[in-house]
Amino acid sequence: MTDDIALPEDQNDLGALKDKEPQKEPRSQWRDVWDQFRKHKGALVGGGFLLFITLAVLLGPYLWSVDAQKLDIRNKDLRPIYTALWDSSARVSWARPFGTDNLGRDIMATLIAGGRASMAVGWTAMVLSLVIGTLVGVCAGYFKRTDGVLMRLTDLFLSLPILPLLLVAVTLFRQPLRASFGPETGMFILIVGVIGITSWMQTARIVRGEILALKEREFVLAARSIGTTPMAIIRRHLLPNVVSPIMVSATLGLATAIITESALSFLGVGFPSDFPTWGKLLSDAVPRMEEFPERVMLPGILISLTVLSVNYLGDGLRDALDPRIRGR
Amino acid sequence: MLTFTIRRLFLSIPTLLFISLTIFLLLQLAPGDPMAQVPLTVPPEVKQKMREALGLGAPIHVQYWKWLVQFFWIEPQVLIDWATRDSTLFGWLPDTALAEGKLRVISWQTRSPVMDIVMQRMPQTLWVVGMSYVVGILIALPIGIYSAYRQYSLFDQAGTFVSMIGFSVPPFFSGVLVIVIFSVNLGWFPSIYDTTHVVTDWDSFVVQLRQMIMPVMVLALQTTAQLSRFMRASMLDNLNQDYVRTARAKGLPETAVVLVHVLRNSMIPVITVIALGIPSIFGGAIITEQVFKVNGIGQLLITALFANDLPMVMTLTFIFAILIVVFNLIADVLYGVLDPRIRYD
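Everything quoted here is computed from the prediction, not taken from an experiment. (Residues numbered from 1 in each chain as written. Chains lettered and ligands numbered in written order. Predicted model: local features only at pLDDT ≥ 70, side-chain atom pairs only at ≥ 80, totals over all residues. Heavy atoms only, no water.)

Observations regarding the overall build of chain A
Then step 1. Within chain A one finds 12 helices and 0 strands.
Then step 2. In terms of C-alpha radius of gyration, chain A reaches 26 Å, well past the compact-globule figure of 20 Å for 328 residues.
Then step 3. For chain A, the spread of C-alpha atoms along the principal axes amounts to about 85 × 60 × 30 Å.
Then step 4. For chain A, the residues scored as buried account for 49% of the 328 residues in total.
Then step 5. Sequence separation of 24 or more characterises 71% of the internal contacts of chain A that already satisfy a separation of 6 or more. (Helix = DSSP H or I, 4+ residues; strand = E, 2+ residues; numbered from the N terminus. Rg over C-alpha atoms; globule rule 2.2 N^0.38 Å. Buried < 20%, exposed > 50% of the residue type's maximum accessible area, 1.4 Å probe, protein only. Contact = heavy atoms within 4.5 Å.)

Focus: the overall build of chain B
Then step 1. A tally of helices and strands in chain B yields 11 helices and 0 strands.
Then step 2. Helices and strands appear in chain B in the N-to-C order α-α-α-α-α-α-α-α-α-α-α.
Then step 3. Dimensions along the principal axes, computed over C-alpha positions, put chain B at roughly 85 × 60 × 45 Å.
Then step 4. Evaluated residue by residue, chain B yields a buried proportion of 45% over its 345 residues.
Then step 5. A fraction of 70% describes how many contacts in chain B between residues 6 or more apart in sequence connect residues 24 or more apart.
Then step 6. Just so you have it, chain B exposes about 18,200 Å², and 68% of that area is on carbon and sulfur atoms.
Then step 7. Here chain B carries 22 positive and 21 negative side-chain charges, and the mean point of each set is 7 Å from the other. (Areas by Shrake-Rupley, 256 points an atom, 1.4 Å probe, with all protein chains shown as cover. Lys, Arg positive; Asp, Glu negative; His and termini not counted. Charge placed at Lys NZ, Arg CZ, Asp CG, Glu CD.)

Concerning the packing of helix α3 (residues 107-142) of chain A against helix α10 (residues 243-266) of chain A
Geometrically, a packed helix pair is captured by the angle between its two axes and the distance between the axes.
Residues and elements named next belong to chain A.
Then step 1. The N-to-C vectors of α3 and α10 enclose an angle of 135°; their axes lie 8 Å apart at closest approach. Comparing the axis directions of α3 and α10 gives the class oblique. Where α3 crosses over α10, the two elements pack in a sense that is right-handed. Here S118, M119, V121, G122, W123, A125, M126, L130 and T134 of α3 lie close against α10, whose contacting residues are I246, S249, A250, G253, L254, A257, I258 and E261.
Then step 2. Taken together, the residues that form the contact of α3 with α10 break down as 11 nonpolar, 5 polar and 1 charged. (Axes fitted to C-alpha atoms, helices over the stretch in contact; angles between N-to-C directions. Parallel < 35°, antiparallel > 145°, perpendicular 65-115°, else oblique. Left-handed = near helix turned anticlockwise from the far one by under 90°. Nonpolar A, V, L, I, M, F, W, Y, C, P; charged D, E, K, R; others polar.)

With respect to the interface of chain A and chain B
One frequent convention defines the size of an interface as the accessible area lost when the parts assemble.
Then step 1. On the side of chain B, 39 residues touch chain A, which itself brings 37 residues to the contact.
Then step 2. Put simply, chain A and chain B have 0 salt bridges between them.
Then step 3. Inspection of the chain A/chain B interface yields 1 residue pair in polar contact (both at pLDDT 80 or more).
Then step 4. Of all the secondary-structure elements, those providing two or more residues to the side of chain A that touches chain B are α4 (144-158), α5 (162-181), α10 and α12 (293-321) of chain A.
Then step 5. When residues in the side of chain A that touches chain B are grouped by element, the largest group, 12 residues, is from α12 of chain A.
Then step 6. For the side of chain A that touches chain B, the class distribution of residues is 28 nonpolar, 7 polar and 2 charged. (Salt bridge = Lys/Arg side-chain N within 4 Å of Asp/Glu carboxyl O. Polar contact = N/O pair within 3.5 Å; in protein donor to acceptor, adjacent residues only side chain to side chain.)

Focus on unusual backbone geometry
Residues and elements named next belong to chain B.
Then step 1. One non-glycine residue, Y152, lies in the positive phi region at around 65°.
Then step 2. As for its placement among the helices and strands, Y152 is situated in the loop between α4 (114-149) and α5 (154-168).
Then step 3. Residue Y152 is classed as exposed on the basis of its relative accessible area, which comes to 60%.
Then step 4. Even without glycine at this site, K293 takes up a positive phi of about 55°.
Then step 5. As for its placement among the helices and strands, K293 is situated in the loop between α9 (254-292) and α10 (297-306).
Then step 6. Overall, K293 belongs to the partly exposed group, its relative accessible area being 48%.

Some thoughts on the environment of I195 of chain A
All names here are of chain A.
Then step 1. Relative to the assigned elements, I195 resides in helix α6 (residues 183-197).
Then step 2. Under the relative-accessibility criterion, I195 is labelled buried at 3%.
Then step 3. In contact with I195, other than residues within four places in its own chain, are V121, A125, L166, A257, T260 and E261.

Considering the pattern of salt bridges
Then step 1. Within this structure, the stated rule accounts for 8 salt bridges over all chains.
Then step 2. With a closest N to O distance of 2.8 Å, E254 of chain B and R248 of chain B form a salt bridge.

A few points about the environment of R205 of chain A
All names here are of chain A.
Then step 1. With respect to the secondary-structure elements, R205 resides in helix α7 (residues 201-214).
Then step 2. The partly exposed category is assigned to R205, whose relative accessible area is 39%.
Then step 3. Each C-alpha atom, one on R205 and one on M151, is 8.0 Å from the other, the two residues being 54 residues apart in sequence.
Then step 4. Other than its neighbours up to four places away in sequence, R205 contacts T154, D155 and L158.

Brief notes about the packing of α4 of chain B against helix α11 (residues 310-338) of chain B
Residues and elements named next belong to chain B.
Then step 1. α11 packs onto α4 with a crossing angle of 55° between their chain directions and a minimal axis gap of 10 Å. Accordingly, the angle class assigned to the pair α4 and α11 is oblique. Between α4 and α11 lies a crossing of right-handed hand. Mapping the contact onto sequence places V114, M115, I117 and V118 in α4 and P311, M312, T315, L316 and I319 in α11.
Then step 2. Of the residues belonging to the contact of α4 with α11, the class tally is 8 nonpolar, 1 polar and no charged.

Here we look at the packing of aromatic side chains
Then step 1. In total, this model carries 11 aromatic pairs over all chains according to the counting rule given.
Then step 2. For the ring pair Y142 of chain A and F143 of chain A, a centre distance of 5.2 Å and an interplane angle of 85° mean the geometry is edge-to-face.
Then step 3. We classify Y142 of chain A as buried; its relative accessible area is 11%.
Then step 4. Both rings, one in F182 of chain B and one in F189 of chain B, keep their centres 6.0 Å apart while their planes meet at 55°; by these two values the pair is tilted.
Then step 5. Taken together, the ring pairs connect F182, W188 and F189 of chain B into an aromatic cluster. (Phe/Tyr/Trp six-rings, centres within 6.5 Å; stacked < 30°, edge-to-face > 60°.)

A few points about α6 of chain A
Residue and element names in this part refer to chain A.
Then step 1. Given a rise of 1.5 Å per residue, 15 residues ought to cover 21 Å, and the 21 Å separating the end C-alpha atoms of α6 matches this to within 8%.
Then step 2. By the burial criterion, the buried members of α6 are G186, M187, L190, I191, V192, G193, V194, I195 and G196.
Then step 3. Against the buried residues of α6 lie α3, α5 and α10. (Expected span 1.5 Å × (residues − 1).)

Description of the confidence of the model for chain B
Then step 1. Averaged over chain B, the pLDDT score is 81; the fraction of residues at 70 or greater is 92%.
Then step 2. Across the interfaces of the predicted complex, the ipTM metric reaches 0.78, alongside a pTM of 0.81. (pLDDT = per-residue confidence, 0-100.)

Some points on a nonpolar patch on the surface
Then step 1. Nonpolar side chains collect at one region of the surface, where I139, V199, W202, F205, V206, L209, I213 and M217 of chain B lie side by side and expose about 690 Å² of accessible area between them.
Then step 2. Mapped onto the secondary structure, I139 of chain B falls in helix α4. (Patch = residues over 30% accessible without salt bridge, like charges linked within 9 Å, V, L, I, M, F, W, Y side chains within 5 Å.)

Observations regarding the environment of K215 of chain A
Residues and elements named next belong to chain A.
Then step 1. Residue position: K215 is located in the loop between α7 and α8 (218-225).
Then step 2. Residue classification places K215 among the buried positions, given a relative accessible area of 15%.
Then step 3. For the pair K215 and A204, spaced 11 residues apart in sequence, the C-alpha to C-alpha distance is 16 Å.

What to know about the side chain of S304 of chain A
Then step 1. Within the secondary structure, S304 of chain A is located in helix α12.
Then step 2. Relative accessible area serves as the criterion here: at 8%, S304 of chain A is assigned to the buried category.

What follows is the structure, given as structure tokens:
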């Protein structure tokens, strides 16, 4: 940044009046953010892994075209190919690189299908909770009349016991939603809904705080003085300024949503058995984990690595989006 | 301070009432029927009578009111009766019979009072979860202090990584993982927590210790991850303050500067975080209890949910809510007591 390229013609007597370095292009904010983000190795690796796992579950079914639901009872209980390294008597097959389960379903295919479900639930629930949180936060921060009510509501939601209530809600509404939307879509709507509704509070608080500070600034006053409507002020002036905290809480939200969905599946109130998610695969494998530890390990490692990468990504984003840290 | 505490106490009553109403209305929507397990040979009119005996015939507001009375009025009386009759602390008081013949909150599963079952399950949860919280705090504080003192050192980097793992690995995986490693492959610890085990001598104490290690460590990993981050951040805030330079300049030894001056000031936010975390540990322990088959409160909630035992679910969820509200209050008050700069009035 401070590399001063001194050209020979600058060495004359007018040199003191000239700029020390040639004029640079003005840097955009997002370029600064990217430069800072690149310095955080963990965040880069995390972001890369998240991208990889997302692409893998999206494109996986096209590359690995084995049907996750196909039963192949003759080839049941195959071990993963790597067990042949230390146990030559293990039943392995190159056609089933991660082995098969007790009904002969291909584990690699179920992992991809499970990842699709887990990531879909995670992303949708995160977006839902962000939308609710931002809406509540902006309303509470900008409109003074709604502030009291909305913040009491937020406090109330924060003092609800979340996991027990999630369990209660999922067990209670399972039947009616399944009946009206079908078993898989119904469960999807239910799980995404309950996770979204119970995890927006942190976003709302952060957004409200930022908005409260921002709306006293001069540019908002200027916008209001030329007759901009409140909706336009929020859309054009306030929301772009709260993007950074929203992005950081989005990463946190994605991590918690994935973990919560897996926890629900693990406790047996999640998706039906023929609709695999990572948590469901893990919990199904627990009874026979002494014989087949890999069926527990593979989905567990995938959940943990995904959440770990999301957390690192969030850590890096927080540093990169904070102008006080940026440039140090 | 006292007025603030009293005001907050009064404010928490409507909050708790609203939460209980929310939970109650949510449970009213339940499609399940408590008579589903009754044999089909029982005629419908008898089933209807049984339903009314469980209090299901009454309108919703009457049911809610009855639950409130039972939970807030009769159960404390039962507690007082028990305290004056059987407990060692108040046993010398004359026996009271306040709750004699009054209806208590009855579980639909076992047809016995809900609170009795909760009291049976409480010790297991408190032992495992409470112990894990204490262990977590004891590990987290030194890690946080040292990684702040040597910021960006190898130890700090490793601490950051471990706490990231603690955040990211869900308990249902770390629990299963330690079972696979330590019970299945190494055979060091039992994979199931035996709650009927009684400690009488040294050998049985060792057995108890061995079966507690895994659930306690799994839960402690989560606590450690959060608390060590907080401790580190709080120490870093304080280490750059002017009073630290003053303390060093007047020649205090480094241990006194860090462990007396800085630590005392850094503990203020950390203590409130510890207080705030206590109720969430009860909720988070549901999964760990399920993994290690500890028959504590979390496991009770799960079985009650699957058995459609609404009074039990209602009471347990509400107990969790009370814990959260109470510890929020305690955290706020503690913050004001410990930090004289904070003034609530």
